[in-house]
Each structure stands twice: as C-alpha cells, then as structure tokens.
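# A look at the structure
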Amino acid sequence: MPADPVDQLVYRSNLLGRDRSTTNYGGGNTSVKAPGVDPVTLNPIEVLWIKGSGSDLATLQRSELVPLNNDLVLGLERGYRGVSHEDHQARLLACCVANGAGGAPSIDTPLHALIPYAHVDHVHPDALIAFATAVEGRRLVEEVYGNEVGWLDWQRPGYGLAIKLRDLVKSRPGLRAVVLGGHGLVAWANTSKECYDLTLTLIDRAMAAIDERSAGRSSPIFGNRTVVDLAPTERRRQAALAMPLFRQFASSQQRMIGTYRDDDAILDFIGSHEAPRLVQQGTSCPDHFLRTKQRPLLLSVPPDVDPMAVSEDIAAEFDAYREDYARYYHASCDGNSSAMRSPNPVVILWPGIGMFTMARSSPEARIAGEFYLNAVNVMRGAETLSAYQGLDEGEAFGIEYWALEEAKLKRMLPEKSLSRRVALVTGAAGGIGTAIVRRFVAEGASVVIADIDADGVMALAQEFGEQAVGICLDVTDEAAVDAAFKRASLAFGGVDLLVNNAGISISKSLVDTSATEFDTLQAVINRGSFLVSQAFVRHAIVQGLGGDIIYIVSKNAIVAGPNNIAYGTAKGAQLHQMRLLAAEVAEQNIRVNAVNPDAVIEGSKIFAGAWGDERAATYGVSRDRLGEFYAQRTLLKREILPQDVAAACFVLVGGNLEKTTGMVIPVDGGVASAFLR
Ligand SMILES: [Zn+2]
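Note that the coordinates shown come from a computational prediction; the quantities given were computed from them, not determined experimentally.

## What to know about the overall build of the protein chain
For the protein chain, the helix and strand inventory stands at 25 helices and 18 strands. Along the three orthogonal principal directions, the C-alpha set of the protein chain runs to about 100 × 65 × 50 Å. Counting over 677 residues, the protein chain shows a buried share of 56%. Summarising the internal contacts of the protein chain: among those between residues at least 6 apart in sequence, 72% fall at separations of at least 24. Here the protein chain has roughly 27,600 Å² of accessible surface; of this, 53% comes from carbon and sulfur atoms. Placing the 64 positive and 79 negative side-chain charges of the protein chain at their respective mean positions leaves the two points 4 Å apart.

Now the structure itself:
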C-alpha cells in the first residue's frame, strides 16, 4: 500500500469499486483528511480529499479528487438554515475548495467532513441497501450488528444529514458505521486499511445474514413464477423483434439508444408473482432512480406472442406509463421545479424475455441496466429480511428534480451531431468503409461494422469500445442480412443510417468477361444493396423514426469507358436503385442519397487486387502512379482519399441536408464527363 494518505485513498477506492455489488457505477464516495497548506495564505490546514461528483471509484485517479479546506466545510454549519436550503449550502462548498484542480465537490462532502475520523467510506452495497430499504430496517441492523452500526432514517443527502450523523457518532462512541435509511452505508476508521477492511466486513455480514434467512425459506422470495421464460435463443429472437418497436415508443420525445439483457436474476424477478407489487414501489437508492427513473415499465404482454401483433397493446402500456409519470411530476412540482423531463420509461421489463434499457448513449443504456440489476438485488435482499419499501414519491421527486441534479445535467457535454443514431456500414473493413465508420463514430454515432472479412471487422470494432459492434456479413446472403439487423437491434436498439458500401470489381473487356463474373458483380453490388436496403426499410417501418440510406456508387455509374462492362452496369443499376428507393420510401421519412467517388486508391482492397493492375494496364501507366494519374485527369488535380468520401456521407446525414433525397454527391476531384445533367 502507498505511504501517502491521498495515494492510499485512491488505492482503496479502486479496490472498493472493483466489485459492483459493493457500490454501483459512479456511486458512493471515499475521503481522507490529511495535513495540507492553504494555497492563498500558506497557513497549515486540514485538507479533506474526496472523490469528485461524477467519477467512479473503480477508475478513480488522484486528479479526480477534490481537496477542500475542512475547517471551512465545518464552518458552513453556522449559516445552515435547514433541509429546504440544501442547494444554497451545496453551492457554498465550491468556496471551500483548497485548490482549483479536481472535479465538483460531491453533495455528500459534508457527510465526510463532519465525521471526526481520517478515513471515511460511503458506498451503496446491494446487501446493505437491502437493510436500508427493509421494513424495520433499524431493528434488523441492530439484530445483525449490535452496537457497532447505527441507523439514520431517510433524509436527502446534504448538510442536514451530515449534522445528524455527526451527532449520532458523538453520542455513541462505540459506533463504527451507520446505515442511512433508503440509501447506503457510511463507515470510518483512523487508517485506510482499517476503513477498507471495515467496509468489506460489514458488507460480508449483511450478505451472510441475508443468505442465512434465505436458506430457511420454503418458498421463492419473489413468490411463485407466473411466467415461464422462453429458451435463450427464442427470447433473444423475440427481443430483437420487439426492440425497434420499444425504441419507437421510448423515443417519443428524443431518440434513444437501447440495450437488452436477460440475466437469470432479472428473469426470476420480472416473471414472479411479486414483481407487479415491487415494481410499483419504485427503486430506492437515489443513485439508482436517477439512472433508471423511479419505476420501470413492466409489460403485461405474454412472452410468446408476436410483438407486432400486439403493438397497440404495447403502445397503450407506454401511454399509461407516460401518464403516470406526468401525475408523479405534477403531484410534487412547485414553482421552482424545472420543466418535466421525458416521461418515457428508461427500463422496460418483458416477463419471460428480459430487460430493455433506453438512454442517450450505449454506455448509459448499459449502466441503467446495471443499476436496475442492483435494484433487483436490493429488493431480493429486503424481501428476504422482511419486506421491501420504496422511497416516498415526494422525496424521490425532490431528488430527481433538485437544482444540483439539474446543474449536473447542464454540465454534460453538448451532444454530437450523430449522437443517439445507429449506423450500419457494409464493406466496413475496406478503405472507404473504415473511413466512414471512423467519421461516424467521431460524430457520436453507434456503428454496426459489417464486412465479409471477419478479421478486419474484429480489428476495426476494437478501436471503438462500446460505440461499435462487428458483424461478419455477406450481403448476398438474405438470412445473414436479416440476422445483422437483429444483432443491431439487440446491441443498440435499432438502425437509423445505412451505408451500402460493400463492393467488388473486375476490369475486363466484354469479350473476356465470363457470365459468372458478370453475375458475381451484380450479386454483390446490385442485389446486395437491394437486400440490405430492403431489410433496413422493413426495420425502419417498425421503428417509426425515419432514416437514411447512403449508396456508395461510383463515377462509373455515369461515365462510359472500356473494360468495365460488369462493374459499370452493376454500378449503373445500383445508382438507379438509389433513385427508385428515394421515390418510394420518402413516405416513411427515409431519405436515400448517393456518393459517387472516383479513384480512391488509399486503403482500397479493390485497387490492391487485380483491379489495380488491370486499370493501370488499361490507362498505360505503372501501378504505383495510378493515384497521380487519376488526380491529373481531374479538374482540381487532387487525389481522392477515403476520408473525402466519409466527409460527403457525413454531410448527407449530419443535419444540414435534411430536405434532400435522391441526390448524388460526386467526390472525384471534378470530372466533367461525370457531371450530372
Ligand atoms: Zn450515496
């Protein structure tokens, strides 16, 4: 363990954050009080180093700690005017920061400051929140921990709660920790090691107590199952069918990204007799419902029906959810409350199938799912101990809408142009495809990387973490195309942008072109685009959010030249396919446009093969001078790069050409014979 107390804090925090049942993502905070110097007066002071708001224990770094002058934080008590002034009190924390670096001080800062011990851990362990949310939680804590652990009834985090905690610690010198009702655990010690050991020991004892009580039960904790789960492949098939529909309903105000999971713990809960009662109670820990909303939407649709056949019933369940959210908002809002946020559910539970979560990005949707899993674990524990009780609605509203949370939302970075959109790019592992994927990811899109080259797909997907998934796809295989859209639905909720980029080429004269070669080019370029566009439009109709199709065609669709019969006719057909679809699917708010590149040699698999040699021979130049040759015969005399094509794609979908469909953008350096007329 490091010698410096602040390094010790970072070390301990990372260890605590490793296990998500110890604390949820971003949840809880840890601190140390250590001697320091006031940066203004250079006087010695006690510095409280605490995890800043928004960072996560598992990955916490020293730079994410906020150092505060602890005497100033303690001095805030003089001006404290009560629970209704917590926002004012929290704003003053910024004046106690001992040094400008680090994040914003957490709302829990006073809780740490007022405890007269060097090291403090505040965490949200599922097993202890189970005690914190159980009926008779105070008695249960006493029963398990005796005099070592105290109890404070629910109060919104802030200075008032910190004063109550400090007073409790003063009045009971033997206390080592306190369970905060409805919320979590606070433990303290004189050294970092002791503090860490204490936190873990208390969690272990909570888990053991729950296990012991659970072992003695004759019936399932959530009651008997009322729904039988479908087999894993079957439920994923159902989830993929339903996801675009759920995404449509959940995106009634703003487009959402969706994810799906079907853990046993989730299935056991949502298919149980007690699920409707417990779901109605709402989640408890403030961290949980800030991510998941206070309640999920528990669907009453049977697991084995075709979701499209009951889409009106599902729509009605979403409507009822939104009405209930509006009721919740209006029951507690006052003149100072910010406007109602999206009334749509974040967590959608389909018994027998699994959990769907909706958020503005794929990581946030995943995290919301993790939080609801935490909430289910909490309910299971509390129901084992006695009975679970959710947080009072008014209190929940107070947390969801208080000014500090509002400020946190305002601090979020503005969204990028393609944020909340999902793109599927075919031929994505090639030069142009890769450039499009990189550009779209950089602009905020989630991307499905599809290519027949499995290794290329995997290598590219690894660049982007959660923002991309890779799929090995042969665009001529109808079943594989359908499977790709299902996979996209499960990974991101659906697809909004399709780029038909897959292609191959040969350069041969009419006499030398075999019928098989001719058919192959038609199959990949023309029929392949047709299949993928068809699957996309079918998908987009269910999703109801419109969409974009981009065809990466070629100058060869316009210009006639020698030795190009198979490729040129396939590209010509593909270009007309674009126009035909633009005319057909506008009704579904789907725009269809094309980019006509020419001579993109860098990174091109096409030019790396025989095509490059054949083209070079056709034009009578050496292979390595082909790029220069193409550049010189253009009006602008500049070589075309893959990122130029990607830029044109972005222009088509980035928001500035929303009223354009059926258009072709040439990216060819200016070729007069390719001018459209
Ligand atoms: Zn907390």
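## What about a nonpolar patch on the surface?
Taken together, the side chains of Leu-510, Val-511, Phe-518 and Ile-565 define a hydrophobic patch exposed on the protein surface, amounting to about 400 Å² of accessible area. Along the chain, Ile-565 falls in helix H21 (residues 565-585). You can call Ile-565 partly exposed: its relative accessible area is 32%.

## Observations regarding the coordination of the zinc ion
Around the zinc ion, the protein contributes the donor atoms His-122 (NE2), His-124 (NE2) and His-183 (NE2), which lie 2.1 Å from the metal centre. Sequence spacing of the donors to the zinc ion: H-x1-H-x58-H. Separated by 59 residues along the polypeptide, His-124 in the loop between strand E4 (119-123) and helix H5 (126-132) and His-183 in the loop between strand E6 (177-180) and strand E7 (184-189) bring together distant segments of the chain. His-183 matches His-124 in its accessibility class, with the two residues each being buried.

## Topic: the sheet that holds strand E1 (residues 29-37)
Across the sheet, 7 strands lie side by side as E3-E2-E1-E4-E7-E6-E5; this open sheet has mixed pairing. Whereas interior strands pair on both sides, the edge strands pair on one side only; in this sheet they are strand E3 (65-69) and strand E5 (149-152). On average, each strand axis in the sheet is tilted by 20 degrees relative to the strand beside it, whichever way the strands run. With respect to the sheet, helix H8 (residues 192-215) is in contact with E4, E5, E6 and E7, its orientation differing from that of E7 by roughly 145 degrees.

## Digging into the sheet that holds strand E9 (residues 297-298)
Each strand in a sheet pairs with another by means of backbone hydrogen bonds, the pair being arranged parallel or else antiparallel. Within the open sheet, the 4 strands sit side by side as E8-E11-E10-E9. Their pairing is mixed. The two strands at the open ends of the sheet, each matched to only one other strand, are strand E8 (257-261) and E9. Relative to strand E11 (residues 354-359), E8 runs antiparallel, the two being bridged by 5 bridges. Within E11, the residue paired with Gly-258 across the bridge is Met-358.

## Side note on the nonpolar core
Leu-202, Phe-269 and Tyr-372 are the most contacted members of the largest nonpolar core, which totals 48 residues. No other element matches the 9 residues that helix H14 (residues 362-385) contributes to this core. Structurally, this core is a two-domain feature, drawing no fewer than three residues from each of domain 1 (5-215) and domain 2 (232-411). Among all residues touching Tyr-372, those that are not within four sequence positions of it are Phe-269, Val-279, Thr-283, Thr-292, Pro-296, Val-347, Leu-349, Met-355 and Met-379. Membership of the second largest hydrophobic core comes to 37 residues, among which are Ile-257, Ala-488, Val-495 and Leu-531.

## Here's the deal with the side chain of Arg-166
Note that Arg-166 resides in helix H7 (residues 159-171). Taking the relative accessible area as the measure of exposure, Arg-166 reaches 16% and is therefore buried. Engagement of the side chain of Arg-166 in a polar contact is seen with the side chain of Glu-77, the distance being 3.0 Å. Of note is the side chain of Arg-166, whose polar atom sits 2.9 Å from the side chain of Asp-167. When residues no more than four places from it in sequence are discounted, the contact partners of Arg-166 are Glu-77 and Leu-114.

## Observations concerning the packing of helix H9 (residues 232-250) against helix H19 (residues 478-492)
As a packed pair, H9 and H19 sit with axes 8 Å apart at the nearest point and diverge in direction by 65 degrees. Judged by the angle between their axes, H9 and H19 are roughly perpendicular. Seen along the crossing, H9 lies across H19 with a hand that is left-handed. Of H19, the residues touching H9 (which contributes Arg-236, Arg-237, Ala-239, Ala-240, Leu-241, Met-243, Pro-244 and Arg-247) are Lys-486, Ser-489, Leu-490 and Phe-492. In terms of residue class, the contact of H9 with H19 is built from 7 nonpolar, 1 polar and 4 charged.

## Some details on the packing of helix H1 (residues 5-17) against H8
Orientation of H1 relative to H8, taken along the N-to-C sense of each, is 15 degrees, at an axis distance of 10 Å. One element, H1, and the other, H8, form an angle in the roughly parallel class. Crossing angle aside, the handedness with which H1 passes H8 is right-handed. In contact with Gln-8, Leu-9, Arg-12, Leu-15 and Leu-16 of H1, H8 contributes Ser-192, Cys-195, Tyr-196, Thr-199 and Leu-200. In the contact of H1 with H8, the residues fall into 6 nonpolar, 3 polar and 1 charged.

## Considerations on the domain arrangement of the protein chain
For the protein chain, the assigned domains read domain 1 (5-215), domain 2 (232-411) and domain 3 (422-601 + 640-668). Listed per partner, the contact involves 20 residues of domain 2 and 17 residues of domain 3. Taken together, both faces of the contact between domain 2 and domain 3 bury some 1,500 Å²; the carbon and sulfur share is 59%. Looking only at domain 2, the three residues that lose the most surface to domain 3 are Pro-244, Arg-247 and Arg-255, adding up to 32% of its buried area. For the pair domain 2 and domain 3, the number of links is 3 salt bridges. Residues Arg-255 and Asp-496 are paired through a salt bridge, measuring 2.6 Å at the closest nitrogen-oxygen approach. Counting across the interface, domain 2 meets domain 3 through 9 residue pairs in polar contact (both at pLDDT 80 or more).

Conventions we followed
- Residues numbered from 1 in each chain as written.
- Predicted model: local features only at pLDDT ≥ 70, side-chain atom pairs only at ≥ 80, totals over all residues.
- Heavy atoms only, no water.
- Helix = DSSP H or I, 4+ residues; strand = E, 2+ residues; numbered from the N terminus.
- Buried < 20%, exposed > 50% of the residue type's maximum accessible area, 1.4 Å probe, protein only.
- Contact = heavy atoms within 4.5 Å.
- Areas by Shrake-Rupley, 256 points an atom, 1.4 Å probe, with all protein chains shown as cover.
- Lys, Arg positive; Asp, Glu negative; His and termini not counted.
- Charge placed at Lys NZ, Arg CZ, Asp CG, Glu CD.
- Patch = residues over 30% accessible without salt bridge, like charges linked within 9 Å, V, L, I, M, F, W, Y side chains within 5 Å.
- Salt bridge = Lys/Arg side-chain N within 4 Å of Asp/Glu carboxyl O.
- Donors = N, O, S within 2.8 Å, 3.2 Å for Na, K, Ca; no water.
- Pairing = 2+ DSSP bridges.
- Axes fitted to C-alpha atoms, helices over the stretch in contact; angles between N-to-C directions.
- Core = buried A, V, L, I, M, F, W, Y, C linked by side-chain atoms within 4.5 Å.
- Domains from an automatic or database assignment.
- Polar contact = N/O pair within 3.5 Å; in protein donor to acceptor, adjacent residues only side chain to side chain.
- Parallel < 35°, antiparallel > 145°, perpendicular 65-115°, else oblique.
- Left-handed = near helix turned anticlockwise from the far one by under 90°.
- Nonpolar A, V, L, I, M, F, W, Y, C, P; charged D, E, K, R; others polar.
- Buried area = accessible area lost by both parts, 1.4 Å probe.

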